[in-house]
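Take a look at the letters that make up each chain.
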Amino acid sequence: MDFLRPADLAEALAVKAERPDAVPIAGGTDVMVELNFDHRRPAALLDLTGVAELAQWSTSDGTIRLGAAVPYSRVITELGEPLPALAMASRTVGSPQIRNRGTVGGNLGAASPAGDTHPVLLALGARVEVASVRGTRVLPAEEFYLGVKRNALEPDELITAVHLPAHAGPQQFAKVGTRNAMVIAVCSFAVNLRPSRREVGAAVGSAAPTPRRARAAEEFLAVELPWDAPTALADSLKRRFGDLVAEAAAPIDDVRGSADYRRHALAVLARRTLTWAWDEHLGSERTCA
Ligand SMILES: Cc1cc2nc3c(=O)[nH]c(=O)nc-3n(C[C@H](O)[C@H](O)[C@H](O)COP(=O)(O)OP(=O)(O)OC[C@H]3O[C@@H](n4cnc5c(N)ncnc54)[C@H](O)[C@@H]3O)c2cc1C
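Residues numbered from 1 in each chain as written. Predicted model: local features only at pLDDT ≥ 70, side-chain atom pairs only at ≥ 80, totals over all residues. Heavy atoms only, no water.

Going by what an unreviewed UniProt entry lists, the protein chain is known as Xanthine dehydrogenase family protein subunit M and is assigned to Amycolatopsis carbonis.

Written out as structure tokens, the structure is:
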């Protein structure tokens, strides 16, 4: 197996163009598992750990450009304030060792329906930046997930960054697992309230062949939330939201949970996280007043 080690992004893209069969490796927390279990035996590995450009983040015009190879531990310590839901999701990934190595770019590259960052990226309307020697394109996260462990990357492309709105309003992520840590999601959910635009983002994970937005739930809330009234939300509203989120899912029965359980759990997560996000909205309204 060839081990290719580019020193910068230009070289990495040139190598990927020449060797489209080379499997990129960032933190290696998915790739090494596949190699160790002999599920994959690629002709070449393209090591991205020497590509400094991928391990940086920056802010411009209220948007954070998060390099594909920034590890979860840095998302938590450096970006918890502008990207709270991504930090929440990052805190649930694996263990400290996995969070030190694993990256959002790797989560996207693996494109597992159970990846923890996906619902957050969808709820925040994130865009995925990919590049090749042919140029750079930026696509909505929603268009990136094509199927179970399939994404929209062309063979000569690398994921270079994710673009996310900073301080996008109250947001939450929640995950159900069989225990608190080191667990693949049975199902997961993220919500983002954007009061200044009267918009809502909501997305489910581990409950369909791809992570997916709960569009009907988003539209319902955007219209029905009493945005300007400093009141607690009616139970009927929360219940309807939860039901619409559950309807957005297309789960299967598997070793981690049944389809029925996943739908039920998603409705509960949706109601719960909406309550937390709305309470935060009310708190900020009171602070502004
Ligand atoms: C013990 C353990 C626990 C885990 N727990 C969780 C969990 O709780 N939640 C969760 O979501 N995941 C979990 N994972 C899976 C894994 O940690 C995540 O998917 C992580 O985000 C992968 O990132 P990485 O940088 O290690 O990716 P890698 O293993 O390096 O790569 C993963 C895939 O992405 C591709 N890739 C990586 N970077 C790029 C790039 N820049 N451009 C194009 N393709 C790229 C690789 O070719 C590969 O196909 C766990 C894994 C282990 C081993």
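Participant: Which parts of the structure should I look at to understand the pattern of salt bridges?
Facilitator: For side chains bearing opposite charge, pairing can occur when the charged atoms are close. Throughout the structure, instances matching the rule amount to 19 salt bridges. Note that arginine 19 and aspartate 2 form a salt bridge whose closest N and O atoms lie 2.9 Å from each other. With a gap of 17 residues between them, arginine 19 in the loop between α1 (9-18) and β2 (23-25) and aspartate 2 in strand β1 (residues 2-4) connect regions that are remote in the sequence. Look at arginine 19 and you get partly exposed, because its relative accessible area is 22%. For aspartate 2, a relative accessible area of 37% corresponds to the partly exposed category. Between arginine 40 and glutamate 34 there is a salt bridge, with its nearest N and O atoms 2.8 Å apart. Sharing partners across several salt bridges, the network here consists of Arg134, Arg137, Asp156 and Glu157. (Salt bridge = Lys/Arg side-chain N within 4 Å of Asp/Glu carboxyl O. Helix = DSSP H or I, 4+ residues; strand = E, 2+ residues; numbered from the N terminus. Buried < 20%, exposed > 50% of the residue type's maximum accessible area, 1.4 Å probe, protein only.)

Participant: I keep staring at the packing of aromatic side chains and nothing clicks. Help me out?
Facilitator: For any two aromatic rings, the description comes down to two numbers: the centre-to-centre distance and the angle of the planes. For the structure on display, the rule yields 3 aromatic pairs. A ring pair is formed by phenylalanine 189 and phenylalanine 241, whose centres lie 6.1 Å apart and whose planes are at 70°; its orientation type is edge-to-face. Of the two residues, phenylalanine 189 sits in strand β12 (residues 187-194) while phenylalanine 241 sits in helix α10 (residues 235-248), which places them 52 residues apart along the sequence. For the pair phenylalanine 189 and phenylalanine 241, one class covers both residues: buried. (Phe/Tyr/Trp six-rings, centres within 6.5 Å; stacked < 30°, edge-to-face > 60°.)

Participant: It is not clear to me how the nonpolar core should be interpreted in this structure. Could you clarify?
Facilitator: The tendency in soluble globular proteins is for nonpolar side chains to be buried side by side. One finds Leu86, Leu108, Leu121, Phe144 and Leu164 to be the most contacted residues of the largest nonpolar core, which totals 36 residues. Sequence-distant contacts of leucine 86, that is, excluding residues within four places in its chain, are made with Leu66, Val75, Val104, Thr117, Val120, Leu121 and Leu164. (Core = buried A, V, L, I, M, F, W, Y, C linked by side-chain atoms within 4.5 Å. Contact = heavy atoms within 4.5 Å.)

Participant: In this structure, what is going on with the packing of helix α3 (residues 72-79) against helix α4 (residues 84-91)? I would like to understand it.
Facilitator: A pair of packed helices can be characterised by two numbers: the angle between their axes and the separation between those axes. The contact between α3 and α4 brings their axes to 9 Å, and the two run at 140°. The orientation of α3 relative to α4 falls into the category oblique. Seen from above, α3 lies across α4 with left-handed handedness. Across the interface between the two elements, Tyr72, Val75, Ile76 and Leu79 of α3 pack against Pro84, Leu86, Ala87, Ser90 and Arg91 of α4. Partitioning the contact of α3 with α4 into residue classes produces 7 nonpolar, 1 polar and 1 charged. (Axes fitted to C-alpha atoms, helices over the stretch in contact; angles between N-to-C directions. Parallel < 35°, antiparallel > 145°, perpendicular 65-115°, else oblique. Left-handed = near helix turned anticlockwise from the far one by under 90°. Nonpolar A, V, L, I, M, F, W, Y, C, P; charged D, E, K, R; others polar.)

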